[in-house]
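As a plain string of letters, each chain reads:
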Amino acid sequence: TYKLTRDTSKKALKNKILFILIENHYLQKGVSERSFFKNILTTGLYGKIKHGDKVFIGTFDWYRSNKYLFLLNNSPLDDENQIISLINNISSPAPLQNKQVGADIYFALDETLKFLSQLKDSLPKNILLLSDDFPNIAGQKTVDEIRTESIKSDIPIYAIGYNVGADRYSQITQNEICQPTNGVYFSSKTNDRNVCSKKIAEFVALFNRSSAAV
């Protein structure tokens, strides 16, 4: 009952909108995660962005300056070098007093979905989430709300998980967010960068096929 149904009666579209949403934690745990995400993105995206694509990049960890999502580019990009440069320049955000381990993943997804929904554009929209799947357990945004908004907006959520042993939450991302919204989830038990970068390349190919469907 959760599956999306794309309108395939529209004229074939050769391009896509891709929002890359990256967890960027300020605690020490963020050092290895940030390095992992930057590496697999710059490798996996290489040669995969087409002229006319519209790529946005945003980061998140906690509620800062009255928001969760921080856009790295206000205007969409299709220049691979610019996209990779933005990713490579991501650095640790400022420390916060609250020392809870999780990040506000669901709130960040909510703001990303709202941002994409407000774009007046007929290109198919996709979210690629990179996180450790471990949410801020004090957060009030629910998985049901994210799934419902994703389906309503016809915006699939794909995800690459950084394995921190949070199996319960990775299963939630896979089974309750990605799969029901026509997205795909992947995580390597050993956080193998080569395997995960190849998976990102596969995801982008899926985006391309979806945008060219007739």
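Everything numeric in this text was worked out from a predicted model, so none of it was measured.

Visitor: Looking at this structure, how should I read unusual backbone geometry?
Guide: Leaving glycine aside, a negative phi is the common case for residues, and trans is the common case for peptide bonds. The backbone of Asn182 sits at a positive phi, close to 70°, despite the residue not being glycine. Inspection of the secondary structure puts Asn182 in the loop between α5 (167-178) and β6 (185-187). Unusually for a residue other than glycine, Asn191 sits at a positive phi of about 55°.

Visitor: It is not clear to me how the environment of Phe207 should be interpreted in this structure. Could you clarify?
Guide: Here Phe207 is to be found in helix α6 (residues 193-211). For the pair formed by Phe207 and Asn126, sequence separation is 81 residues and the distance between their alpha carbons is 7.2 Å. Phe207 has contacts with Lys16, Leu18, Asn126 and Tyr158, leaving out every residue within four places of it along the chain.

Visitor: What is the right way to read the environment of Lys114 from this model?
Guide: With respect to the secondary-structure elements, Lys114 resides in helix α3 (residues 105-117). C-alpha of Lys114 to C-alpha of Ser150: the two residues are 36 residues apart in sequence and 9.4 Å apart in space.

Visitor: Which parts of the structure should I look at to understand the packing of α3 against helix α4 (residues 143-153)?
Guide: How two helices sit against one another is set out by the angle between their axes and by the gap between those axes. The geometry of α3 relative to α4 is characterised by a closest axis approach of 10 Å and an angle of 20° between their N-to-C directions. If you check the angle between α3 and α4, you find them roughly parallel. Helix-helix and strand crossings are classified by hand; for α3 and α4 the assignment is left-handed. Residues Tyr106, Leu109, Asp110, Leu113 and Ser117 of α3 pack against Val143, Ile146, Glu149, Ser150 and Ser153 of α4. In terms of residue class, the contact of α3 with α4 is made up of five nonpolar, three polar and two charged.

Visitor: How should the pairing of strand β5 (residues 157-161) be read in this particular structure?
Guide: Remark: a regular strand shows side chains that alternate across the two faces of the sheet. Among the five residues in β5, five count as buried, and that is most of the element. Here β5 shows two buried faces, one formed by Ile157, Ala159 and Gly161 and the other by Tyr158 and Ile160. Where strand β4 (residues 125-131) meets β5, five bridges bridge the pair, whose relative direction is parallel. In the strand pairing of β5, Leu130 is matched with Ile160. Pairing between β5 and β6: three bridges, direction parallel. The residue of β6 that forms the bridge with Gly161 is Ser187. In this fold, β5 hands off to α5, which returns the chain to β6; that crossover is right-handed.

Visitor: What exactly am I supposed to notice about the pairing of strand β1 (residues 17-23) here?
Guide: The element β1 is extensively covered by neighbouring structure, given that seven of its seven residues are classed as buried. Side-chain alternation along β1 places Ile17, Phe19, Leu21 and Glu23 on one buried face and Leu18, Ile20 and Ile22 on a second face that is also buried. The pairing of β1 with strand β2 (residues 54-60) spans seven bridges and is parallel. Looking at β2, one finds that Ile17 is bridged to Lys54. Between the parallel pair β1 and β2, the chain is carried across by helix α1 (residues 29-44), and the sense of this crossover is right-handed. Sheet analysis places β1 next to β4, joined by six bridges and oriented parallel. Bridge assignment links Ile17 to a residue of β4, and that residue is Lys125.

Visitor: Help me understand the packing of α1 against helix α2 (residues 80-88) in this model?
Guide: One can describe the packing of α1 onto α2 by two numbers: an axis separation of 9 Å at closest approach and a directional angle of 170°. The angle between α1 and α2 falls in the class roughly antiparallel. Mapping the contact onto sequence places Lys38, Leu41 and Thr42 in α1 and Ile84, Ile87 and Asn88 in α2. Grouping the amino acids of the contact of α1 with α2 by side-chain chemistry returns three nonpolar, two polar and one charged.

Visitor: What should I look at first to understand the side chain of Glu23 in this one?
Guide: Along the chain, Glu23 turns up in strand β1. Buried within the structure, Glu23 lacks any salt-bridge partner; its nearest side chain of opposite charge belongs to Lys29, at an N-O separation of 4.5 Å. At a separation of 2.9 Å, a polar atom in the side chain of Glu23 contacts the main-chain amide nitrogen of Asp132. In this structure Glu23 touches Glu33, Phe37, Phe60, Ala103, Ile105, Leu130, Ser131 and Asp132, once residues within four positions along its chain are discounted.

What counts as what
- Residues numbered from 1 in each chain as written.
- Predicted model: local features only at pLDDT ≥ 70, side-chain atom pairs only at ≥ 80, totals over all residues.
- Heavy atoms only, no water.
- Helix = DSSP H or I, 4+ residues; strand = E, 2+ residues; numbered from the N terminus.
- Contact = heavy atoms within 4.5 Å.
- Axes fitted to C-alpha atoms, helices over the stretch in contact; angles between N-to-C directions.
- Parallel < 35°, antiparallel > 145°, perpendicular 65-115°, else oblique.
- Left-handed = near helix turned anticlockwise from the far one by under 90°.
- Nonpolar A, V, L, I, M, F, W, Y, C, P; charged D, E, K, R; others polar.
- Buried < 20%, exposed > 50% of the residue type's maximum accessible area, 1.4 Å probe, protein only.
- Pairing = 2+ DSSP bridges.
- Right-handed = clockwise from strand over helix to strand, strands pointing away.
- Lys, Arg positive; Asp, Glu negative; His and termini not counted.
- Salt bridge = Lys/Arg side-chain N within 4 Å of Asp/Glu carboxyl O.
- Polar contact = N/O pair within 3.5 Å; in protein donor to acceptor, adjacent residues only side chain to side chain.

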